[in-house]
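# Architecture and fold: a report
Single-letter residue listing:
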Amino acid sequence: AIDSDSDGVVDISSSTFESNTGATDDGGAIWAYSQLTITNSTFNNNTSGGNGGAVTAVGPVTYTTVITGSQFFSNTASGWGGAVYAFNNLTAFNTDFLYNSTNTKGGGAVAGDVNSASVIVAITDGTLQQNTAEGRGGGLYTRSTLFITGTSFLTNTANGNGGGVYASRDAA
């Protein structure tokens, strides 16, 4: 649906992304090499053959992806992050991640940068529920600095470590 390779700004508000597919690449609905802001939007049943079933945010680690008041349902990635894979800083506020999954890697709902400990992942006032990961982190996987506030992790499953959260600075 959206492929932003502009090193600019992408601002999405009050939108729905449903049943989009990135068959062999990252980001089933959105692939953004930019500052990405998503507000009051819904991502349902998106699929990626790579990372980020619904959203892949890449770019310099100085970028921040901000997701507010949104819902991610039943998205699937073959790689990292069933719903969201963020290579840069990630802030999710008042956002729900339900029934998302990965087929081979970790972060059933969310995967923060899996290669660098130099970014920050912050999840506030959200719900991560019934997400599954073939690897580590049924709800969330990150090698970054992690802040979790007022967030519920419910019945997430990982075939590796961390059914709810896997946070490490060790090699992926």
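Before going into details, it helps to say that this report is about the structure given with it. Note that residues are indexed from 1 along each chain, following the sequence as it is written. Per-residue local features are limited, in this predicted model, to residues with pLDDT of at least 70; the limit for side-chain atom pairs, both in listing and counting, is 80 or more; totals at the level of whole chains, interfaces and linings are taken over all residues. To get the side-chain values, all heavy atoms of the structure are used, and hydrogens and water are removed first.

### Considerations on the pairing of strand S14 (residues 89–93)
In the case of a regular strand, side chains alternate between the two sheet surfaces. Pairing between strand S10 (residues 64–68) and S14: five bridges, direction parallel. Pairing of Ile-67 across the sheet is with Ala-92, part of S14. Pairing analysis gives four bridges linking S14 to strand S18 (residues 120–124), with the strands arranged parallel. By the bridge assignment for S18, Thr-91 is matched with Ala-122. Should DSSP find at least two bridges between two strands, the strands are taken to pair. Numbering of helices and strands starts at the N terminus; helices are DSSP runs of H or I of at least 4 residues and strands are runs of E of at least 2.

### Brief notes about the packing of aromatic side chains
Geometry of an aromatic ring pair is reported as the spacing of the ring centres plus the angle between the planes. When the centres of two rings from Phe, Tyr and Trp lie within 6.5 Å, Trp using its six-membered ring, the rings pair. Their planes under 30 degrees apart give stacked, over 60 give edge-to-face, and anything left gives tilted. All told, the structure shown has six aromatic pairs when counted by the stated rule. Judged by centre distance (4.9 Å) and plane angle (5 degrees), the rings of Phe-17 and Phe-43 are stacked. With Phe-17 in strand S3 (residues 16–18) and Phe-43 in strand S7 (residues 42–44), this pair connects stretches of sequence that are 26 residues apart. Under the scheme applied here, a residue whose accessible area is under 20% of the maximum for its type counts as buried, over 50% as exposed, and between as partly exposed, the area being computed with a 1.4 Å probe on protein chains only. For Phe-17, a relative accessible area of 9% corresponds to the buried category. The interplanar angle of 15 degrees and the centroid separation of 5.1 Å between the aromatic rings of Tyr-141 and Tyr-166 together place this pair among those described as stacked. Residue Tyr-141 is found in strand S21 (residues 140–142), and its partner Tyr-166 is found in strand S25 (residues 165–167); the two are separated by 25 residues along the sequence. When its relative accessible area of 13% is taken as the criterion, Tyr-166 is described as buried. In textbook terms, an aromatic cluster arises when at least three aromatic residues are bridged by ring pairs, as seen for Phe-17, Phe-43, Phe-72 and Phe-97.

### A short note on the nonpolar core
Grouped together as the largest cluster of nonpolar side chains are 26 residues, with contacts concentrated most on Ile-30, Leu-36, Phe-43, Val-55, Phe-72 and Phe-97. Going through the elements one at a time, strand S2 (9–13), strand S5 (30–33), strand S6 (35–39), strand S9 (55–58), strand S13 (84–86), S14 and S18 are the ones with two or more residues in this core. Note on contacts: a residue pair qualifies if any of its non-hydrogen atoms lie within 4.5 Å across the two residues. The residues contacting Ile-30, other than those within four sequence positions of it, are Ile-2, Ile-12, Phe-17, Leu-36, Ile-38, Phe-43, Ala-54, Val-55 and Thr-56. Tyr-85, Ala-111, Tyr-141 and Tyr-166 belong to the second largest nonpolar core, which has six residues in total. What we call a nonpolar core is a set of buried Ala, Val, Leu, Ile, Met, Phe, Trp, Tyr and Cys residues that are connected through their side-chain atoms within 4.5 Å.

### Some thoughts on the side chain of Thr-151
Of note, Thr-151 is situated in the loop between strand S22 (145–149) and strand S23 (152–154). Two N or O atoms count as a polar contact when they lie within 3.5 Å, although within protein this holds only if one can serve as hydrogen donor and the other as acceptor, and sequence-adjacent residues are included solely when both atoms are side-chain atoms. Side-chain polar atoms of Thr-151 contact the backbone nitrogen of Asp-125, separated by 3.3 Å. A polar contact of 3.1 Å, which involves the side chain of Thr-151, links it to the backbone oxygen of Thr-149. In this structure, Thr-151 is in contact with Ile-123, Thr-124, Asp-125, Gly-126, Thr-127 and Leu-128, ignoring residues within four places of it in sequence.

### Quick look at the sheet that holds strand S4 (residues 21–22)
Ordered by their spatial adjacency, six strands build an open sheet running S4-S8-S12-S16-S20-S24, and the pairing between neighbours is parallel. On the outer flanks of this sheet lie S4 and strand S24 (157–158), each paired with one strand and no other.

### Focus: the sheet that holds strand S17 (residues 110–112)
Pairing is parallel across the open sheet formed by seven strands, whose spatial order is S1-S5-S9-S13-S17-S21-S25. Of all the strands in the sheet, just strand S1 (2–4) and S25 have a single pairing partner and so form its edges. Across this sheet, the average inter-strand angle for adjacent strands is 5 degrees, counted without regard to direction. Pairing analysis gives two bridges linking S17 to S21, with the strands arranged parallel. In the strand pairing of S21, Ala-111 is matched with Tyr-141. To get an axis, a line is fitted to the C-alpha atoms, and for a helix only the part in contact is used. The angle between two axes follows their N-to-C directions and goes from 0 to 180 degrees.

### Concerning a negative patch on the surface
Patches here: salt-bridge-free residues with over 30% relative accessible area, like charges joined within 9 Å, nonpolar side chains (Val, Leu, Ile, Met, Phe, Trp, Tyr) joined within 5 Å. Under the convention used here, a 1.4 Å probe and the Shrake-Rupley method define accessible areas, while residue burial counts only the protein chains that appear. Salt bridge, as used here: a side-chain nitrogen of Lys or Arg that lies within 4 Å of a carboxyl oxygen of Asp or Glu. For this count, His and the chain ends are skipped, Lys and Arg are scored as positive, and Asp and Glu as negative. Where a charge lies is defined by one atom per residue type: Lys uses NZ, Arg uses CZ, Asp uses CG and Glu uses CD. A contiguous patch of negative charge on the surface is contributed by Asp-3, Asp-5, Asp-7 and Asp-25. Locating Asp-3 in the fold gives a position in strand S1.

Such coordinate-based values are descriptive only and should not be taken to indicate function.
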